[in-house]
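What follows is each chain in one-letter form.
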Amino acid sequence: MSRFAPELACTACGGRQGADPPGFRCACGGLYEVVPRDAKLPPPAALAARRASPDPLDRSGVWRFREVLPDLPRPAIVTRGEGGTGLYRSEVLGRWCGLAGVLDLKHEGENPTGSFKDRGMTVAVSVARALGRRAVACASTGNTSASMASYAALGGLKAFVFLPAGKAAGGKLAQTLAYGARTLEIEGSFDDAMARVEEVCRDRAVYLVNSINPFRIEGQKTIVLELLEDLGWDPPDWIVLPGGNLGNTAAFGRALEEALALGLIPRLPRLAVVQAQGASPFHRMFASGARELVPLAPETLATAIRIGNPVSWRKARRAVEATGGLVEAVSDAEILAAKAAVDAAGIGAEPASCAAVAGLRKLVAAGKVAPGARVAAVLTGHLLKDPETTTAYHAPGRGAGANPPRRVANDPEAIGRTLDEELAG
Ligand SMILES: *Cc1c(COP(=O)(O)O)cnc(C)c1O
Ligand SMILES: [Zn+2]
């Protein structure tokens, strides 16, 4: 497995590193990116044909785009056929957001462990194996750990998870434990867990797979590539996504710049990044015109984006600026209202995902996104990730928009009367 030899470059000073530097920050403090290979994607028809191939790498919505990913030896690759997620063209949600036409929703909750994290994880865990590592680790609000735990188990690696104690949604914690990752509940926020995992792993032979690891970003580029392919390589005007640690925003910017450079698209869509108001340091930086991000203590019910000190904010700022994009923030009440709309449309997603839809509605209302614009939103995680938030929202006695269950006697007449009432309503 010696031919795996990609180069990393510091995004701040340009300094070069081999594939396995001692930590993922340059001496200057900058983050690394993978130096692109001099490779082209196959033409659209050949790319699409891979979907029908029996080869697992062709069927993966990540490795189908392998020409623009790190050149890994095949035996190192751990894949679960990630990607290939659905694109929903919703008139109902288009109208809800104030758009004249449909809203396109790329549902990354349809990945094997239920979030987009699988797209980065298949690459990062495969790189760990190519580098001969025996153990991986991450700090996580829950989805990164669920994904890492699965891919590590499949790839025969030990897995260590640092979670903010008591702040991971039930579905995510269940997955992480079930897939066998050893889980440390850190008494602090995600940001504390992130700082600790970086410190502790540097001196041990444990490979860090947070999105500070630039190979994660490479895999996540395929969300945008597959979305553009779904749209026949006719780019939308806007791509809307939630922002937490901002790795995904960085990945989207990189994918769009590469797609433009490869001639796959004639122009760049604009990125709209949406944060939760209680965890919106990136939004505050843009709103105030500051050039430096000021970390804060995060609070929001959208636990996947409950992050106050996002690692990738400089890369993300570049992505927003390069695409003429913008950053919005929404309240938890706005997130819950958007989630109720996304769920009731029959699509469904976890709270953080629905921040994107809430943000779009706000941007259209404010005239920052034109009603006639073509917009694609990315739903980042599955509805079942956070059952607690959903059932609490729909509990009896809650307000408009709730869909509480009705308790009925075990009696055909009582049940019949109840159905008649519902049918008449
Ligand atoms: C990780 C995650 C996010 C945030 O992505 P970043 O890359 O950290 O900005 C948003 N939604 C869900 C469901 C996630 O799992
Ligand atoms: Zn540097």
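Provided above is the structure to which this section pertains.
Conventions we followed
Sequence positions are assigned chain by chain, starting from 1 and proceeding in written order. In the order they appear in the text, chains get letters beginning with A and ligands get numbers beginning with 1. Given that this is a predicted model, residues contribute local features only at a pLDDT of at least 70 and side-chain atom pairs are listed and counted only at 80 or more, while totals for whole chains, interfaces and linings are drawn from all residues. Computation of side-chain values: all heavy atoms of the structure, hydrogens and water removed. Nearness here has a simple test: a residue counts as near a molecule or strand if at least one of its heavy atoms is within 4 Å of that partner. Any N or O atom pair separated by 3.5 Å or less is treated as a polar contact, with the protein-specific requirement of one donor-capable and one acceptor-capable atom, and with residues adjacent in sequence counted only for side-chain atom pairs. Exposure was quantified through the Shrake-Rupley algorithm and a 1.4 Å probe, taking into account, for residues, occlusion by the shown protein chains and nothing else. Of the two site types, the cavity is a set of points on a 1 Å grid over the protein atoms alone where a 1.4 Å probe fits but cannot get out, and the pocket is an open set with protein on both sides within 12 Å along at least five of seven lines, each lined by residues with an atom within 4 Å of a point. For a cavity or pocket, the test is whether more than half of a molecule's atoms lie within 2 Å of its grid points; if they do, the molecule sits there. Each residue is assigned to one class: nonpolar for Ala, Val, Leu, Ile, Met, Phe, Trp, Tyr, Cys and Pro, charged for Asp, Glu, Lys and Arg, and polar for all the others, Gly among them. Grid points are joined across faces, edges and corners, and a volume is the space filled by probe spheres set on the points. Numbered from the N terminus, helices here are DSSP runs of H or I no shorter than four residues, and strands are runs of E no shorter than two. Paired rings are identified among Phe, Tyr and Trp, the last through its six-membered ring, by centres lying within 6.5 Å, and are further divided according to the angle between planes into stacked (under 30 degrees), edge-to-face (over 60) and tilted (the rest). Relative accessible area decides the class of each residue, using a 1.4 Å probe on protein chains only: under 20% of the type maximum gives buried, over 50% gives exposed, and in between gives partly exposed. For a ring to carry a charge above it, either NZ of a lysine or CZ of an arginine must fall within 6 Å of the ring centroid while also lying within 35 degrees of the normal to the ring plane.

Visitor: Which parts of the structure should I look at to understand the site of ligand 1?
Guide: As a structural note, the neighbourhood of ligand 1 is formed by 16 residues, with Lys 117, Asn 143, Gly 244, Asn 245 and Thr 380 the closest of them. Between an oxygen atom of ligand 1 and a main-chain N or O atom of Gly 244, the distance comes to 2.8 Å. Taking 380 Å² as the accessible area of ligand 1 by itself, protein coverage stands at 96%. Using a 2 Å cut-off from the grid points, one finds that ligand 1 occupies the largest cavity. In the shell around ligand 1, the residues fall into 6 nonpolar, 8 polar and 2 charged.

Visitor: Looking at this model, I keep getting lost on empty space enclosed by the protein. Mind explaining?
Guide: A water-sized probe rolled over the atoms picks out the places where empty space is left. Taken as a whole and assessed by the stated rule, the structure comprises 3 cavities of 30 Å³ or more. For the largest cavity, the calculated volume is near 320 Å³. If you trace the largest cavity, you find 27 residues lining it, with Phe 116, Lys 117, Gly 244, Asn 245 and Ala 304 closest to the centre. With 3 residues, helix α9 (residues 247-261) is the single largest residue contributor to the lining of the largest cavity. The residue inventory of the lining of the largest cavity, partitioned by class, reads 9 nonpolar, 15 polar and 3 charged. Volume-wise, the second largest cavity comes out at about 50 Å³. The wall of the second largest cavity is formed by Leu 336, Lys 339, Ala 340, Asp 343, Thr 389, Thr 390, Tyr 393 and His 394. Counting residues per element, the ones that place at least two in the lining of the second largest cavity are α12 (332-344) and α14 (387-393). For the lining of the second largest cavity, the leading source of residues is α12, giving 4 residues.

Visitor: Just checking my understanding: could you explain the packing of aromatic side chains for this structure?
Guide: We describe a pair of aromatic rings using the distance from one ring centre to the other and the angle between the two ring planes. A full pass over the atoms with the stated rule returns 3 aromatic pairs. Between Phe 24 and Tyr 207, the ring centres sit 5.9 Å apart and the planes meet at 75 degrees, which makes this aromatic pair edge-to-face. Taken together, the positions of Phe 24 in the loop between β2 (16-17) and β3 (32-34) and Tyr 207 in strand β9 (residues 206-208) put the pair 183 residues apart, joining distant regions of the chain. The class of Phe 24 is buried, set by a relative accessible area of 7%. Here Phe 282 and Phe 286 contribute two aromatic rings whose centre-to-centre distance is 5.0 Å and whose plane-to-plane angle is 75 degrees, an arrangement assigned as edge-to-face. Taken together, the positions of Phe 282 and Phe 286, both in helix α10 (residues 281-288) and 4 residues apart, correspond to about one turn of that helix. The class for Phe 286 is partly exposed, based on a relative accessible area of 27%. Sitting over the ring of Trp 96, Arg 361 keeps its end group 4.0 Å from the ring centre.

Visitor: I'm lost on the layout of surface pockets in this one. Help?
Guide: A volume near 510 Å³ is recorded for the largest pocket. Lining the largest pocket are 31 residues, and of these Leu 31, Val 311, Ser 312, Arg 314 and Lys 315 sit closest to its centre. When residues of the lining of the largest pocket are traced back to their parent elements, those giving at least two are α7 (190-202), α8 (214-230), α9 and α11 (313-322). In terms of residue count, the dominant contributor to the lining of the largest pocket is α11 (7 residues). By residue class, the composition of the lining of the largest pocket is 12 nonpolar, 7 polar and 12 charged. Looking at the second largest pocket, its volume works out to about 340 Å³. Lining of the second largest pocket is provided by 22 residues; of these, Val 35, Pro 36, Arg 37, Asp 38 and Glu 67 occupy positions nearest its centre. Contributions of two or more residues to the lining of the second largest pocket are made by α8 and α9. Among the residues making up the lining of the second largest pocket, the classes are represented as 12 nonpolar, no polar and 10 charged.

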